[in-house]
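Now for the letters of each chain:
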Amino acid sequence: MCLMTGAFSRRFFVLFLSTLVCVTTAHSVGFREMSTNDGTFSVWYPSDTPSKLQRLGPFNLEISKNSPIKKGRYEIVLFSHGNSGFYRNHYLTIQALVNVGFVVIAPQHEADYLVGGNKTSAALNHRYFEISKALDAVENSIEFGDYVDIKKVHGIGYSLGSVSTLLAAGAIFSLQHSDDYCRRNELLDPNFCEDPGWIYRLIQSFRHDVVLPPTNDSFSQKPLISGKVVLVAPIFQGIRPSAKLSMSSLTVFAFNSDVIAIPAYHALPLHDEFSLYIPSEYLEVEGHHYAFISPFPKWLTEEEDIPVAKDPEGFDRAMFLNDLNEKIVKQITH
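Residues numbered from 1 in each chain as written. Predicted model: local features only at pLDDT ≥ 70, side-chain atom pairs only at ≥ 80, totals over all residues. Heavy atoms only, no water.

Student: Pulling in residues and values, what's your account of the side chain of histidine 289?
Tutor: Locating histidine 289 in the fold gives a position in the loop between β15 (280-285) and α8 (298-303). Accessibility expressed as a relative area gives 4% for histidine 289, which makes it buried. Within the structure, the side chain of histidine 289 is placed 3.0 Å from the side chain of serine 159, a separation counted as a polar contact. (Helix = DSSP H or I, 4+ residues; strand = E, 2+ residues; numbered from the N terminus. Buried < 20%, exposed > 50% of the residue type's maximum accessible area, 1.4 Å probe, protein only. Polar contact = N/O pair within 3.5 Å; in protein donor to acceptor, adjacent residues only side chain to side chain.)

This is the structure:
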């Protein structure tokens, strides 16, 4: 909204008798959960309906649940969370994207418990289809179809989400390549190469029970992303560029204290290899692997031991995320 304030002085001739003072009214962050045959996903979008404080998992956040989308035409961001994570853990980043005018589509990946064994390729392929079918559902929905620009689709991936994001941009995954790397570098990169084990997968199967068809190795899929890609604390081994790459640019954020996806073995070689095909930028920031997750509420961390919620002494996760989110938004919008 713009307000006129009059100003006039007998001593000074002013070309305009009025000064235009613009007050920007930020839109609300709309939120809707939807589903496909492959699972659930969330859509975050600009809305004119006022937000209110609501619970999403353990978080209290200001959203406008199930409200109509604000009239307009919006570019899309496909958002892929890390291994066994939740899209809600990234609500601060997603809200920052919606605040500058994106529609964010964030699937809940359900087959991650199969990653690390002989079904890794199938589980990653399933991640691709969770993204693809969510995008298709939004494009063809009554609620959003007329308001999204399907020709301008960006991607953001965190940790394992970097693989599913790159698959959505036309890259190739090879489990054989990943296994060969770990045979050579298991002691140097133990957190990446360690198999969580069949007992873990069996326990998780009672929670998820995802049946996956066999997937060839190596494989690639139809590109979905036509715009910019941002990867945060990515993993690299097993993923490779191809002639089908469809993204317009790539930004890689590495965390200098990351021991889960060690930058020297993941973020840096990923950037170096993909930069041969597309314009790429490598940015290293102070932080540890799980610093990209929104801060958990104090009442929860006092009751439960949550490894991904822990920070080194003196590390301010909220401040870190505020700065990182500004950088992410800049990379997508510039």
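Student: Residues and numbers for the state of the cysteines, please.
Tutor: Covalently bonding the sulfur atom of one cysteine to the sulfur atom of another cysteine gives a disulfide. The final tally for this structure, using the stated rule, is one disulfide. In this model, cysteine 182 is linked to cysteine 193 through a disulfide, with the two sulfur atoms separated by 2.2 Å. Because the torsion about its S-S bond is -85°, the bridge between cysteine 182 and cysteine 193 counts as left-handed. Pair noted here: cysteine 182 is in helix α4 (residues 175-185) and cysteine 193 is in helix α5 (residues 190-193), with a separation of 11 residues, a long-range link. On the basis of relative accessible area, cysteine 182 is assigned to the buried category, the value being 13%. (Disulfide = S-S within 2.5 Å.)

Student: Which residues make up the pattern of salt bridges, and what are the values?
Tutor: Scanning the entire structure with this criterion turns up seven salt bridges. The salt bridge involving aspartate 305 is made with lysine 310; its shortest N-O contact spans 2.5 Å. The class for aspartate 305 is exposed, based on a relative accessible area of 59%. Put simply, lysine 327 and aspartate 323 hold a salt bridge, and the shortest N to O gap is 2.5 Å. Pair noted here: lysine 327 and aspartate 323 are both in helix α9 (residues 317-333), with a separation of four residues, about one helical turn. (Salt bridge = Lys/Arg side-chain N within 4 Å of Asp/Glu carboxyl O.)

Student: So what's going on with the confidence of the model for the protein chain? Residues and values would help.
Tutor: In the predicted model, the protein chain carries a mean pLDDT of 90, and 91% of its residues have values of at least 70. In the predicted structure, residues 1-25 sits below a pLDDT of 50 and forms 19 contacts with residues beyond four places in sequence or in another chain. (pLDDT = per-residue confidence, 0-100. Contact = heavy atoms within 4.5 Å.)

Student: Account for the sheet that holds strand β13 (residues 239-240), naming residues and giving values.
Tutor: Ordered by their spatial adjacency, three strands build an open sheet running β11-β10-β13, and the pairing between neighbours is antiparallel. A single partner strand is all that each edge strand has here, and the edge strands are β11 (219-220) and β13. Of the pairings in the sheet, the one linking strand β10 (residues 172-173) to β13 comprises two bridges and is antiparallel in character. Bridge pairing links phenylalanine 173 to isoleucine 239 in β13. (Pairing = 2+ DSSP bridges.)

Student: An account of unusual backbone geometry is needed here, citing residue identities and associated values.
Tutor: The step from aspartate 217 to serine 218 runs through a cis peptide bond, and the omega angle for that step is 0°. Looking at the element boundaries, serine 218 is found in the loop between α6 (198-208) and β11. A positive phi angle, near 60°, is found at asparagine 66, a position not held by glycine. Mapped onto the elements of the fold, asparagine 66 is located in the loop between β6 (59-65) and β7 (74-80). Look at asparagine 66 and you get partly exposed, because its relative accessible area is 44%. Not every positive phi belongs to a glycine, and serine 159 is a case in point at roughly 55°. Among the structural elements, serine 159 can be located in the loop between β9 (148-158) and α3 (161-167).

Student: Give me the lowdown on helix α7 (residues 267-274), citing residues and values where you can.
Tutor: Of the positions making up α7, those classed as buried are Ala267, Leu270, His271 and Phe274. Seen from one end, α7 has its buried residues packed into an arc of 95°, which puts them on one side. Of the surrounding secondary structure, the elements contacted by the buried residues of α7 are α3, β12 (228-232), β13, β14 (249-255) and β15. (Arc of directions from axis to C-beta.)

Student: Talk me through the packing of helix α1 (residues 91-99) against α9; I want residue IDs and the actual numbers.
Tutor: Relative to each other, α1 and α9 sit at 40°, their axes nearing to 10 Å. As far as their axial angle goes, α9 and α1 are oblique. Crossing angle aside, the handedness with which α1 passes α9 is right-handed. Side by side, α1 and α9 meet where Leu92, Thr93, Ala96 and Leu97 of the first sit next to Leu321, Asn325, Ile328 and Val329 of the second. In terms of residue class, the contact of α1 with α9 is built from six nonpolar, two polar and no charged. (Axes fitted to C-alpha atoms, helices over the stretch in contact; angles between N-to-C directions. Parallel < 35°, antiparallel > 145°, perpendicular 65-115°, else oblique. Left-handed = near helix turned anticlockwise from the far one by under 90°. Nonpolar A, V, L, I, M, F, W, Y, C, P; charged D, E, K, R; others polar.)

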